[in-house]
Amino acid sequence: MQLFYAMNDLKIGDKLYNVEQNGFNDFARYSFSEVVRLTETLAVLKNGVRLINRPKQSYIMEDVGYSVSRNKGSHWHIVSLNAIRNAQIENEKIKIHDWFASKQFSLKEKQQVYKLFNTKEV
């Protein structure tokens, strides 16, 4: 059903997502938006991104994607439950990473963390 739906041209109200990553060690950063305007060949998203309104095989995140106008290597995809869940997981990883990057641990806190990771289970 998802594949059949995604092979159609976009219409106003369709919800899409894109995933960007700066290298293999970076987090997957999800963007979500919605189609708010259509032209003869383009679908314009709420965030201003202009997509070519012609579905094509993608293989990036989903089987079908919609290319960004003037950047055909970047694709947006119809939102799925799996995409939403993956975005939640990645956002939590980013939040944890940022917290540790900005946190200045006291010696006492370092000792507590050390003990948590080095206690042997009986």
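Structure shown above.
The notes below deal with the structure included here. Every value quoted in this text rests on a predicted model; they were computed, and no experiment measured them. (Residues numbered from 1 in each chain as written. Predicted model: local features only at pLDDT ≥ 70, side-chain atom pairs only at ≥ 80, totals over all residues. Heavy atoms only, no water.)

**Details of the pairing of strand β1 (residues 15–20)**
Summarising the sheet, β1 and strand β2 (residues 29–38) pair through six bridges and their orientation is antiparallel. Within β2, the residue paired with Tyr17 across the bridge is Phe32. Both β1 and strand β7 (residues 71–78) contribute to a ladder of two bridges, which runs antiparallel. Residue Leu16 lies in a different strand from β7, and its bridge partner there is Ile78. (Pairing = 2+ DSSP bridges. Helix = DSSP H or I, 4+ residues; strand = E, 2+ residues; numbered from the N terminus.)

**What about the side chain of Asn53?**
Within the secondary structure, Asn53 sits in the loop between β4 (50–52) and β5 (56–57). Residue Asn53 is classed as buried on the basis of its relative accessible area, which comes to 12%. A distance of 2.6 Å separates the side chain of Asn53 from the backbone nitrogen of Leu10, its partner in a polar contact. Setting aside anything within four residues of it in sequence, one finds Asn53 in contact with Asp9, Leu10, Leu38, Thr41, Leu42, Ala43 and Tyr66. (Buried < 20%, exposed > 50% of the residue type's maximum accessible area, 1.4 Å probe, protein only. Polar contact = N/O pair within 3.5 Å; in protein donor to acceptor, adjacent residues only side chain to side chain. Contact = heavy atoms within 4.5 Å.)

**Some remarks on a nonpolar patch on the surface**
On the surface, Phe32, Leu81 and Ile84 cluster together to form a nonpolar patch covering roughly 310 Å² of accessible area. Looking at Ile84, the relative accessible area reads 34%, which means it is partly exposed. (Patch = residues over 30% accessible without salt bridge, like charges linked within 9 Å, V, L, I, M, F, W, Y side chains within 5 Å. Areas by Shrake-Rupley, 256 points an atom, 1.4 Å probe, with all protein chains shown as cover. Salt bridge = Lys/Arg side-chain N within 4 Å of Asp/Glu carboxyl O.)

**So, helix α3 (residues 107–118)**
For α3, which comprises 12 residues, the first-to-last C-alpha distance of 16 Å matches the rise-based estimate of 16 Å (1.5 Å per residue) to within 8%. Counting buried residues in α3 gives zero out of 12 residues, a small share hidden from the surface. (Expected span 1.5 Å × (residues − 1).)

**Describing the environment of Met7**
As for its placement among the helices and strands, Met7 is situated in the loop between α1 (2–6) and β1. Taking the C-alpha atoms as reference, Met7 lies 20 Å from Val19; in sequence the two are 12 residues apart. Ignoring any residue separated from it by four or fewer positions in sequence, one finds Met7 in contact with Pro55 and Val64.

**Details of the pairing of β7**
Sheet topology note: the strand β6 (residues 64–68)/β7 ladder contains three bridges and is antiparallel. Following the sheet pairing, Tyr66 is matched in β7 by Trp76. Here β6 folds back onto β7 in antiparallel fashion, the turn holding two residues, of which Arg70 has a positive phi close to 70°.

**Re the nonpolar core**
Leu10, Leu16, Val35, Ala43, Leu45, Leu51, Tyr66, Val68, Trp76 and Ile78 together form the largest nonpolar core, which totals 10 residues. Of all the elements in the fold, those that place two or more residues in this core are β3 (42–45), β6 and β7. Other than its neighbours up to four places away in sequence, Leu16 contacts Leu10, Ser31, Phe32, Ser33, Val35, Leu45, Leu51, Tyr66, Trp76, His77, Ile78 and Val79. In terms of nonpolar packing, the next biggest core, distinct from the first, is built from five residues, Tyr17, Ala28, Tyr30 and Ala87 among them. (Core = buried A, V, L, I, M, F, W, Y, C linked by side-chain atoms within 4.5 Å.)

**Details of the pattern of salt bridges**
One pass over the structure, following the stated rule, counts five salt bridges. Residues Asp26 and Arg29 are paired through a salt bridge, measuring 3.2 Å at the closest nitrogen-oxygen approach. Classification of Asp26 by relative accessible area gives buried; the value is 17%. Using a relative accessible area of 38% as the deciding quantity, one classes Arg29 as partly exposed.

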